[in-house]
Every structure is written in C-alpha cells, then in structure tokens.
Amino acid sequence: MQAQLIALDWGTTSLRAYKLAAGGVVLEQRALSSGIMQLPKTSRVINGRECADGFELAFEDACGDWLDAQPDLPVIACGMVGSAQGWREAAYCETPANVANLGNSLQTLVSLRGTRVHIVPGVIQRSRLPNVMRGEETQVLGVLQNLPAETDGDLLIGLPGSHSKWVEVVDGRITHFDTFMTGEVFAVLSEHSILGRTQQPGAAFDGLAFDRGVQVALSTDGELGVLSTLFSARTLGLTGELAPTAQADYLSGLMIGHELAALATVQRRRRHSVHLPSIILIGNAQLCARYSRALEACGFANVTLAEQATERGLWQLALAAGLLDSSSR
C-alpha cells in the first residue's frame with residue numbers, strides 16, 4: 001500500500017510518528033523521546049544547511065527518510081507542538097468543537113526541508129474556570145468516527161494521564177470537559193513529599209491495596225476530601241496495616257477513587273439522573289486498567305477501551321482540512 005499521510009503526535013516528553021495509507025491504515029510507526037521539552041541538541045546539516053533547531057532535528061529523526069522517499073506526503077501534527085512553547089503556536093478553538101472547525105483551523109509552517117507541517121489547534125472551554133486540552137481533542141475525534149449513533153449524548157470519553165480529561169460529546173462535537181491533575185499530583189507526592197519516604201517499589205501491581213484506596217475515597221471517611229485521606233497513606237504504614245510495597249498502589253487507588261467519585265457526582269447532577277453514562281477510555285493500557293477497575297467500583301457499569309484513537313483522529317482532520325484526496329477515505 002502507498003503512504004498518503006504522515007501523522008505526528010508530538011507531546012511534552014514524546015514524539016510518535018505514523019505513516020498512514022488510505023483509510024488511515026498504519027503502515028509504519030515510530031516512538032521517539034523527542035518531546036518539546038527534550039529536543040535534540042546536536043546540530044547537523046539539513047537540506048544543505050547547518051541546523052541546531054531542536055524541532056527541525058526531531059522532525060528529521062521522526063520522518064525525514066519517509067519524506068526523502070515521498071517528498072510530497074502531507075504532514076499533520078497534534079499535541080504540545082502547537083502550544084506557545086511548541087514549534088508554532090496554533091490558537092485554541094472554542095467549544096463546541098468538531099472535526100470540521102478544527103480541520104479548518106490548522107496552523108501551517110514550512111520546515112527547513114521545505115515540507116509544510118499542519119498543526120492541529122487545541123480546544124478551550126471558556127467559563128469562570130477555563131479549561132484547555134491539546135492532543136486529547138484529536139484522540140476524542142478519532143473515537144467518535146466509529147461510534148454508533150445511539151451512544152450520542154450518553155457517553156463520556158476518559159483520557160487518564162498526568163492531567164486526566166473527561167469529555168462530553170453531543171452530535172459529534174466536544175461540548176464540555178473536566179480536568180483532574182491526578183497523575184501529576186500522584187507523582188509529586190510520591191517523589192517529593194513525606195508520603196514517598198516509606199514507599200518501596202513493588203514487584204507487581206497490588207490490586208488489593210489499590211482497591212482499598214478506592215474504597216476509602218468512596219467511604220464516609222472520604223467525605224472529608226482527598227486532602228484529609230491522603231494522610232492515611234502514611235498512617236496505615238506507621239501502624240503496620242499497609243506494607244511499604246503496597247503504599248504506592250494504595251495512594252494511586254485513593255486519588256483515582258476521589259477523582260471518579262467527584263466525576264460520578266457531577267455527572268448525576270448534570271444529567272438530573274442517577275444513571276451514569278457509558279465510558280470509553282483512551283490511553284496507556286496499564287493505567288486504563290486501573291481506571292476500569294475503579295470505575296466499576298464507582299458505579300460506571302459500561303466501560304470500554306479505544307485503540308488507535310490518535311492516528312484515526314489525525315486522519316479525519318487531514319481529510320477535513322483538504323490535505324487528502326476524498327477517494328482516500
């Protein structure tokens with residue numbers, strides 16, 4: 001099959017490159033550690049010129065040989081590459097956002113080798129407490145392309161991570177989303193607080209400790225809030241009730257439990273119903289497995305995992321932007 005698109009998922013710490021054929025079929029993919037905060041620094045010659053620009057160097061590493069073989073391949077990129085700290089800033093699109101208005105709002109730059117790189121904007125939700133996403137919008141749009149119509153309006157798309165996103169969609173549009181800094185705060189507490197002092201890495205995931213943390217978040221003790229229950233990750237260790245190797249998984253369950261308990265409360269209030277929506281999770285398989293486990297405990301009965309969301313979303317955005325022939329669908 002002939003390649004028709006190069007799609008880049010370019011985040012803070014990593015860069016993933018996909019060579020796609022008709023219909024978004026992945027021909028080849030690569031993963032590099034050249035996120036926007038850790039770009040290459042060793043200069044080299046690109047297109048006959050000495051270059052020290054980290055973005056140009058990372059771009060060449062990711063797909064230079066693909067473009068040598070097919071110089072006219074269109075290139076589309078999403079993620080933090082379009083942030084103010086990225087290669088070229090792509091201004092946020094406001095909610096409600098869909099494939100059409102995001103595809104029509106791509107920011108374009110010309111690389112040193114002469115290739116036009118089309119960057120996907122993020123999405124901003126303006127309110128008293130504004131919310132933003134960059135990269136997640138592409139994954140959400142990739143999932144929406146394959147959903148049956150009857151799920152519309154009764155679906156929540158979850159993207160667990162450093163800054164977990166929970167996205168509501170209506171009529172194929174991103175209408176509302178909430179962000180929880182669960183992953184980043186967990187890392188900070190484990191690495192830079194007293195809670196991490198007694199933690200010892202376990203050989204494997206401790207499901208019982210994780211479940212215990214979730215249940216504490218859902219209990220009457222959890223009603224005091226996460227700032228209170230966090231201290232139990234220390235005191236249960238001090239009293240010998242939680243082994244050092246179990247403490248990290250307990251803390252993980254506790255924090256994810258608080259996140260999902262709050263999410264369930266808000267969803268019931270917004271929907272004026274005790275019924276909770278179906279969930280589709282996108283992201284790292286191990287982290288999504290933790291969230292699936294906790295979601296069930298929190299009353300979310302229908303949880304599934306999406307695959308290849310980013311590449312599908314970038315393909316759909318490239319179609320909407322006119323970067324591909326309509327026969328490529």
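Residue numbers run consecutively from 1 along every chain, following the written order of its sequence. For this predicted model, a pLDDT threshold of at least 70 governs which residues receive local features, and a threshold of 80 or more governs which side-chain atom pairs are given and counted, while totals over whole chains, interfaces and linings are taken from all residues. Heavy atoms from the whole structure form the basis of all side-chain values; hydrogens and water molecules are not counted.

Identification of the chain as 2-dehydro-3-deoxygalactonokinase from Pseudomonas serboccidentalis is taken from an unreviewed UniProt entry.

Draft legend 1. Broad picture of the packing of helix α5 (residues 207–218) against helix α9 (residues 285–297). In the contact formed by α5 and α9, the axes pass within 10 Å of each other and the chain directions differ by 40°. The orientation of α5 relative to α9 falls into the category oblique. The two elements α5 and α9 cross, and the hand of that crossing is right-handed. Residue-level inspection shows G207, L208, F210, D211, V214, Q215 and L218 of α5 in contact with α9, the latter providing R290, R293, A294 and A297. By the convention adopted, Pro, Cys, Tyr, Trp, Phe, Met, Ile, Leu, Val and Ala count as nonpolar, Lys, Arg, Asp and Glu as charged, and the other residues, Gly among them, as polar. Among the residues making up the contact of α5 with α9, the classes are represented as 6 nonpolar, 2 polar and 3 charged. Axis angles are defined between N-to-C directions and span 0 to 180 degrees, where every axis is a line fitted to C-alpha atoms and, for a helix, only to the segment in contact. Here a strand is any run of E in DSSP of at least two residues, a helix any run of H or I of at least four, and the numbering for each starts at the N terminus. Here is the rule for angles: anything less than 35 degrees is roughly parallel, anything more than 145 is roughly antiparallel, 65 through 115 is roughly perpendicular, and the remaining ranges are oblique. Working rule for handedness: look at the near helix, and if it is turned counterclockwise from the far one by less than a right angle, call the crossing left-handed; if clockwise, right-handed. Between two residues, a contact is recorded if the distance between any of their heavy atoms is within 4.5 Å.

Draft legend 2. Region of the structure containing the packing of aromatic side chains. Pairs were defined over the aromatic rings of Phe, Tyr and Trp, the Trp ring being its six-membered one, requiring ring centres within 6.5 Å. Orientation was assigned from the angle between planes: stacked under 30 degrees, edge-to-face over 60, tilted for the rest. Tallied over the entire structure, the rule returns 6 aromatic pairs. Between W166 and Y291 the ring centres are 6.3 Å apart and the planes differ by 40°, which places this aromatic pair in the tilted class. With a gap of 125 residues between them, W166 in strand β13 (residues 164–170) and Y291 in helix α9 connect regions that are remote in the sequence. Note on W166: relative accessible area 1%, which makes it buried. By the ring-pair criterion, three or more aromatic residues cluster together here, those being W10, F55, F59 and W87. By definition, being over a ring means that NZ of Lys or CZ of Arg is both within 6 Å of the ring centre and within 35 degrees of the ring normal. Above the face of the Y92 ring, R134 is positioned so that its terminal group lies 4.3 Å from the ring centre. Buried, partly exposed and exposed residues are distinguished by accessible area as a fraction of the type maximum, computed with a 1.4 Å probe on protein chains only: under 20%, between the cut-offs, and over 50%, respectively.

Draft legend 3. Focus on the pattern of salt bridges. Whenever Lys or Arg places a side-chain nitrogen within 4 Å of a carboxyl oxygen from Asp or Glu, that contact is recorded as a salt bridge. Enumeration according to the criterion identifies 13 salt bridges in this entry. Of the charged contacts in the structure, one is a salt bridge between E28 and K19, with a shortest N-O distance of 3.5 Å. The partner of E168 in a salt bridge is R270, and the shortest N-O contact between them spans 2.9 Å. Of the two residues, E168 sits in strand β13 while R270 sits in helix α8 (residues 247–271), which places them 102 residues apart along the sequence. Assessed through its relative accessible area of 34%, R270 is described here as partly exposed. Linked by salt bridges that have partners in common, K19, E28, R30 and D65 make up one network.

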